[in-house]
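Summary of the model geometry
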Amino acid sequence: MITSALVCAWFDQSGISSLFTSLIACALLITLLFNSHDLAFLDELTGLPGRRALMNELKHCGKYYCLAMADIDHFKIINDTHGHLMGDEVLKKVAKMLSSNLRHIDLTGRWGGEEFIMILPGTTAEQGQEVIDRIRIAITEVIFTSTSTNANFNITVSFGVCDSQLASLNLKDMIAKADQALYQAKSNGRNQVVLHLEAADIATFT
């Protein structure tokens, strides 16, 4: 706005007005680039990397890494009982706990809906399972207070874990195996971490 005012004030001086007009154009371009990046790679609600950023990171996170998929249990019931604003608060709290309890080299992102993905470079599935199970327990101890029902409640999260060695470094296989382990966690009763070793060998932490 200041630059635009200066252009108007010195409009009759071609050199100065041209300079400030160029500065305005550069500022708008930079703002557009930053906003486009945020829209494409960041989740607006949680501030975590979105699906596109996660897919890009998975392609460049090295040969050995652990992939964990998380899903908030009974999230629809939370929305129906306590309202969507409370559901948003739950999503933001879970996102914060997932990201703040990992190493600085790890990455947490929102995959979509109430699902999150964690990428732990240089970590086996067994090591990742132990770390994530501690996070799972910590989440169960958080007390939420509903503003619409004036009730306190707790939540649980289910996790599916695998590592790159078991998926032959194929990105689609990695995601499919983690999702399969997550489905198994849901089928087993939720609030647990399921490790996908092989098709017939699944380990569970509860």
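Counting of residues starts from 1 at the beginning of each chain's written sequence and follows it residue by residue. Thresholds applied to this predicted model are a pLDDT of at least 70 for local features of residues and 80 or more for the giving and counting of side-chain atom pairs; totals over whole chains, interfaces and linings are not thresholded and use all residues. As a rule here, side-chain values come from all non-hydrogen atoms in the structure, and water together with hydrogens is ignored.

1. Remarks on the confidence of the model for the protein chain
Residues at a pLDDT of 70 or more form 74% of the protein chain, whose mean pLDDT is 83. A score from 0 to 100, pLDDT tells how confident the predictor is in each residue. Per the convention used, a helix needs a DSSP run of H or I reaching at least four residues, while a strand needs a run of E reaching at least two, with both numbered from the N terminus. Confidence, read as mean pLDDT per element, is least for helix α2 (residues 14-41) in the protein chain (52) and greatest for strand β5 (residues 152-153) (97). What makes two residues a contact is simply this: any of their non-hydrogen atoms within 4.5 Å. Here residues 31-40 is modelled with pLDDT under 50, and outside its nearest four sequence neighbours on either side it reaches two contacts, counting other chains as well.

2. So, the packing of helix α4 (residues 75-82) against helix α5 (residues 84-100)
Helix axes use the C-alpha atoms of the stretch in contact, all axes being lines fitted to C-alpha atoms, and the angles between their N-to-C directions lie in the range 0 to 180 degrees. Contact geometry of α4 with α5 gives a least axis separation of 7 Å together with a crossing angle of 135 degrees. Relative to α5, the element α4 is oriented oblique. Mapping the contact onto sequence places Phe 75, Ile 78, Asn 79 and His 82 in α4 and His 84, Met 86, Gly 87, Val 90 and Leu 91 in α5. When an angle is under 35 degrees it counts as roughly parallel; over 145 it counts as roughly antiparallel; between 65 and 115 it counts as roughly perpendicular; any other value is oblique.

3. Thoughts on the environment of Leu 98
As for its placement among the helices and strands, Leu 98 is situated in helix α5. Throughout, exposure labels follow a simple rule: accessible area from a 1.4 Å probe, protein chains only, divided by the maximum for the residue type, with under 20% read as buried, over 50% as exposed, and the rest as partly exposed. Of the residues examined, Leu 98 reaches a relative accessible area of 0% and is grouped as buried. Here the alpha-carbon distance between Leu 98 and Ile 139, two residues 41 residues apart in the chain, equals 8.9 Å. What Leu 98 contacts, discounting residues up to four positions off in sequence, is Thr 108, Phe 116, Met 118, Ile 135, Ile 139 and Phe 159.

4. Remarks on the pattern of salt bridges
Criterion for a salt bridge: a side-chain nitrogen of Lys or Arg within 4 Å of a carboxyl oxygen of Asp or Glu. Within the structure shown, the criterion is met by seven salt bridges. Between Asp 43 and Arg 110 there is a salt bridge; the shortest N-O distance is 3.2 Å. With Asp 43 in the loop between α2 and α3 (51-58) and Arg 110 in strand β2 (residues 107-112), the pair connects residues that are 67 residues apart, well separated along the chain. Comparing Asp 43 with Arg 110, the two get one shared label, buried. For the salt bridge of Asp 133 with Arg 136, the shortest nitrogen-to-oxygen distance reads 2.8 Å. Remark: Arg 136 and Asp 133 occur in helix α6 (residues 125-140); sequence separation between them is three residues, near one turn of the helix. Beyond isolated ion pairs, a larger network of salt bridges with shared partners links Asp 71, Asp 73 and Lys 186.

5. Observations concerning the nonpolar core
If you look at the biggest cluster of nonpolar residues, it comprises 32 residues, and the most contacted ones within it are Ile 72, Val 90, Phe 116 and Ile 155. Of all the elements in the fold, those that place two or more residues in this core are β1 (65-72), α4, α5, β3 (115-121), α6, β6 (157-163) and β7 (193-198). Counting residues per element, this core draws most heavily on α5, at seven residues. The residues contacting Ile 155, other than those within four sequence positions of it, are Ile 72, Ile 78, Val 90, Val 94, Ile 139, Thr 140 and Phe 144. Judged by nonpolar contacts, the second largest core, of 15 residues, contains Leu 54, Met 69, Ile 119 and Met 174. By nonpolar core we mean a set of buried residues, namely Ala, Val, Leu, Ile, Met, Phe, Trp, Tyr and Cys, connected to one another through side-chain atoms within 4.5 Å.

6. Observations concerning the environment of Ile 105
For Ile 105, the position within the fold is in the loop between α5 and β2. We classify Ile 105 as partly exposed; its relative accessible area is 44%. Along the chain, Ile 105 and Pro 121 lie 16 residues apart, while their C-alpha atoms are 7.2 Å from each other.

7. Considering the pairing of β6
The buried fraction of β6 amounts to seven of the seven residues, a majority that puts the element mostly inside the structure. A two-sided burial pattern is seen for β6, the buried positions comprising Val 157, Phe 159, Val 161 and Asp 163 on one face and Ser 158, Gly 160 and Cys 162 on the other. Pairing analysis gives seven bridges linking β1 to β6, with the strands arranged antiparallel. Among the inter-strand pairings, Cys 66 is bridged to a residue of β6, identified as Asp 163. DSSP calls a pair of strands paired once it identifies at least 2 bridges connecting them.

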